[in-house]
Amino acid sequence: MTATLQKPDHRATFGGPDPTAPRRRRPTSQQWAAWAFLTPVTLYLVLFYAYPLYRNLDLSLRHYTVRSFVQGDAPFTGLANYRTVLDDPTFAPALLHTVVFTAVCLVFQYALGLALAVFFNQHFRLSATLRALFLVPWLLPLIVSASTWSWMLNSESGVVNALLSAVGIDPVNWLTSPDWSLASVIIANIWIGVPFNLVVLYSGLQSIPTSLYEAAAIDGANAWQRFWRITFPLLRPVSAITLLLGLVYTLKVFDIIWIMTKGGPADSSTTFATWSYQLGFGNLVPAFGPGAAVGNLLVVAALVFGLIYVRVQRKQALS
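Below: a short report on this structure. (Residues numbered from 1 in each chain as written. Predicted model: local features only at pLDDT ≥ 70, side-chain atom pairs only at ≥ 80, totals over all residues. Heavy atoms only, no water.)

### Considerations on the nonpolar core
Formally: Think of a nonpolar core as a cluster: buried Ala, Val, Leu, Ile, Met, Phe, Trp, Tyr and Cys residues, connected wherever their side-chain atoms sit within 4.5 Å. In this scheme, a residue with accessible area under 20% of its type's maximum is buried, one over 50% is exposed, and one in between is partly exposed, where area comes from a 1.4 Å probe on protein chains only. The helix count covers DSSP runs of H or I at least four residues long, the strand count covers runs of E at least two residues long, and both are numbered beginning at the N terminus.
Core analysis: the largest hydrophobic core is formed by 37 residues, its most contacted members being Phe101, Leu153, Trp174, Ile256 and Met260. For this core, the secondary-structure elements that each account for two or more residues are α4 (91-120), α7 (142-152), α8 (159-166), α9 (181-206), α10 (210-218), α11 (223-234) and α13 (255-260). Here the element with the most residues in this core is α9; it accounts for 11 residues. Formed by 14 residues, the second largest nonpolar core is a distinct cluster that contains Val85, Ala94, Leu106 and Ala273.

### Re unusual backbone geometry
At the junction of Gly264 and Pro265, the peptide bond is cis and its omega measures out at -5° in the coordinates. Positive phi, close to 55°, is recorded for Ala266, a residue that is not glycine. Its location among the elements puts Ala266 in the loop between α13 and α14 (272-281).

### Details of helix α15 (residues 288-318)
We apply this condition: The span expected for a helix works out to 1.5 Å for each residue beyond the first. What makes two residues a contact is simply this: any of their non-hydrogen atoms within 4.5 Å.
Along its 31 residues, α15 runs 45 Å from first to last C-alpha, staying within 8% of the 45 Å computed at 1.5 Å per residue. All buried positions along α15 are accounted for by Phe288, Gly289, Pro290, Gly291, Ala292, Ala293, Val294, Gly295, Asn296, Leu298, Gly306 and Tyr309. Turning to α15, the residues buried within the fold contact α1 (29-60), α2 (66-71), α3 (80-87), α12 (236-251) and α14.

### Let's talk about empty space enclosed by the protein
Which entries qualify depends on this criterion: Cavity: a set of points on a 1 Å grid over the protein atoms alone where a 1.4 Å probe fits but cannot get out. Pocket: an open set with protein on both sides within 12 Å along at least five of seven lines, its lining residues, like those of a cavity, having an atom within 4 Å of a point. Grid points are joined across faces, edges and corners, and a volume is the space filled by probe spheres set on the points. Three classes are used, and their members are as follows: Ala, Val, Leu, Ile, Met, Phe, Trp, Tyr, Cys and Pro are nonpolar, Asp, Glu, Lys and Arg are charged, and the others, Gly among them, are polar.
One pass over the structure, following the stated rule, counts one cavity of 30 Å³ or more. Space inside the largest cavity adds up to approximately 30 Å³. Lining the largest cavity we find Thr98, Phe101, Thr102, Thr250, Leu251, Val253, Ile257 and Thr271. Among the elements of the structure, α4 and α12 are those that each provide at least two residues to the lining of the largest cavity. If you tally residues by element for the lining of the largest cavity, the top one is α4, at three residues. For the lining of the largest cavity, the per-class residue count stands at four nonpolar, four polar and no charged.

This is how it looks when you write it as structure tokens:
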């Protein structure tokens, strides 16, 4: 028998299609639909997040005046604006006020929100109605909340001083005294932020099985022991995201402070958020570069805490 030899296909060698090569898959209709849904989100992030961050970074690295801000010919100065901010005598008090304002607000907002969440988790009569009423401070516009607190803490006609006078305590200059101005804006911001912590932590409590509490009660654990050994540990993931979101929000609080005290008196309630606005827009001769530099310091602080949160979450997932 003679074997028939198959001739090689020269089309694959001289420019023809190779039958053994993998074929490229054409995008399916589902992939096109996914890109169609992704495009608006991408454009939104670029226009309203990426571009403003780029512009703010560019402002902090150049010497902008009103003329150069309009014409766009500001000279590049590198880190000179950051050195100006660090050498400014307002930097140290503003940093201290920002840390104190953020830390105190976070602690009290979380503690009060957790206490209220545990309280409403008992599902007593009218609990849903009362829980809805506690959301009012969170739902009100900030300008309304800040104006209300300004009226309540007014030195002459405020309801708080009227109550203090009724019990024999001397009136306090809440908004005009350097000793009390920072405490005043902290109290107002705590009142506004408690409902957010209440809502998030209450939803976290709903995910804890009631069988755990029943088993602990059978073992003789009292209410305090059930809280520390069941509720608090199982709320750690929800608590972490609540504290992170609260931290980012509190770092950039501007409306409350500006409406109530404008950072005064004598910069006694100035934070990085209000100082950045004062530098950029609060003077007759605006300092756009230093104002943008202060804003970037806030962005870096929020980014650092966000990265810390991601790292902690990864460690908890691996453990």
